[in-house]
Each structure stands twice: as structure tokens, then as C-alpha cells.
Amino acid sequence: EDDHRRFWLRVSHLQESGKPGSSKPISFQLTYPLSRTRDVVFHAEAALAESPMPHTLKVHVGTGGSVVTLSHEVSESEGEKRVIALLDDLRRRCHKEGGNLVVLNAPPAVKGEVPVWGETGNDLSVMKRIKNQLDPSGVFSPGRFVGGL
């Protein structure tokens, strides 16, 4: 039982596994229909294997979601380009399968180049109406939510 507890404690901290003294790791969540789990996860594993960046892929089998953490310093533009290309590839695959990719943590240079909240859907008009009702002056974090809300 102690081994069991130690295992789950270590797994729960995978997302915090950046190098000591480094900036926070880059993390993002993949979402997809449960029936597409195998295809999306296999694609993510292949894309991550091609990448030279150390990573973890935590698959939540029963929910249709996975969390990827990259333990990589993205300080040079070449590293940023690799991360952006990886995010774009995985986002396209998730979207093709009926899901999305949401960036949980990344440096500003990366966030500025990708849709952090993923692809907008047909629910954007509803979200705009709600935002306008709650914030008619548009002063609460303008442009930081889905679709630039």
C-alpha cells in the first residue's frame, strides 16, 4: 500500500516536473470525445517523440482529456518555433477529432502566437452576449478570453 501511495503522489506532481531553478514548464490540455482517445493519444505520443523536448503525457482515460507538460526552456526563438509548431499540430488533430487544445501555461512569446483557448465554436455568440451582460463597458480582462472576448 505504501508503494501505491508513493506512485500516485509522484504521478500527481508530473506537471510540476520542470528543472530546478527553471521557469515553469509549458503545459496544455488536449480534449476529445472518448471514442477518439486512442487516435489522439497515439498522434500526441508520435508528435512528442519527434520533439527533442522532455515531456510528460498524462492521459485521463475516462474523461476524454490529457495534459501534456514540456520541461523545456523556451528562451531562444528556435525553441519557441518548435513549441508553436507542436501546439498547432496537436490542436489541429484534436479539432479534427471533435476536440480542442487549451494552453494552461506558456511564456508570453508562445501564447501570443497560438489560440490559447483553442478553436472557437458556434457557442461564441452566446459567450459574447454573456460577457456583454456581465461587463458592458468591456473593462474586465479585454481580449484575454476565447475569441478575443
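In this report, the structure presented in the accompanying data block is examined. Predicted model, so just to flag it, every value in this text is computed and none were measured. (Residues numbered from 1 in each chain as written. Predicted model: local features only at pLDDT ≥ 70, side-chain atom pairs only at ≥ 80, totals over all residues. Heavy atoms only, no water.)

## What to know about the nonpolar core
This is how it is decided: Residues belong to one nonpolar core when they are buried, are Ala, Val, Leu, Ile, Met, Phe, Trp, Tyr or Cys, and are joined through side-chain atoms within 4.5 Å. The cut-offs for exposure are 20% and 50% of the maximum accessible area for each residue type, with area from a 1.4 Å probe on protein chains only; residues under the lower value are buried, those over the upper are exposed, and the others partly exposed. A run of DSSP states H or I qualifies as a helix once it reaches four residues; a run of E qualifies as a strand once it reaches two. Both are numbered from the N-terminal end. Note on contacts: a residue pair qualifies if any of its non-hydrogen atoms lie within 4.5 Å across the two residues.
Ranked by size, the top nonpolar core spans 23 residues in total, and within it Phe-28, Leu-30, Leu-70, Leu-86, Leu-87 and Leu-90 carry the most contacts. Contributions of two or more residues to this core are made by strand E1 (26-31), helix H2 (37-50), strand E3 (65-70), helix H3 (77-96) and strand E4 (100-105). Counting residues per element, this core draws most heavily on H3, at six residues. With near-sequence residues (within four places) excluded, Leu-87 lies in contact with Phe-28, Leu-101, Val-103, Val-110 and Val-114.

## Remarks on H2
Convention followed: Helix span, as expected, comes to 1.5 Å for every residue beyond the first. To obtain the arc, one takes the directions from the helix axis to the C-beta atoms.
A rise of 1.5 Å per residue sets the reference length of H2, with its 14 residues, at 20 Å; its end C-alpha atoms lie 20 Å apart and thus fit the reference within 8%. Listed as buried for H2 are Thr-37, Val-40, Val-41, Ala-44, Ala-47 and Leu-48. In an axial view of H2, the angular spread of the buried residues amounts to 130°, which keeps them on one side of the axis. What points out from H2, more than 90 degrees from its buried face, is the exposed set Arg-38, Ala-49 and Glu-50.

## Considering the pairing of strand E2 (residues 55-60)
Put simply, the test is: We treat two strands as partners when DSSP finds at least two bridges between them.
Two strands pair when backbone bridges link them, and E2 and E3 are joined in this way by six bridges, in the antiparallel orientation. Note that in E3 the partner of Val-59 across the bridge is Ser-66. From the end of E2 to the start of E3, which pair antiparallel, there are four residues, and Gly-64 there has a positive phi angle of about 75°.

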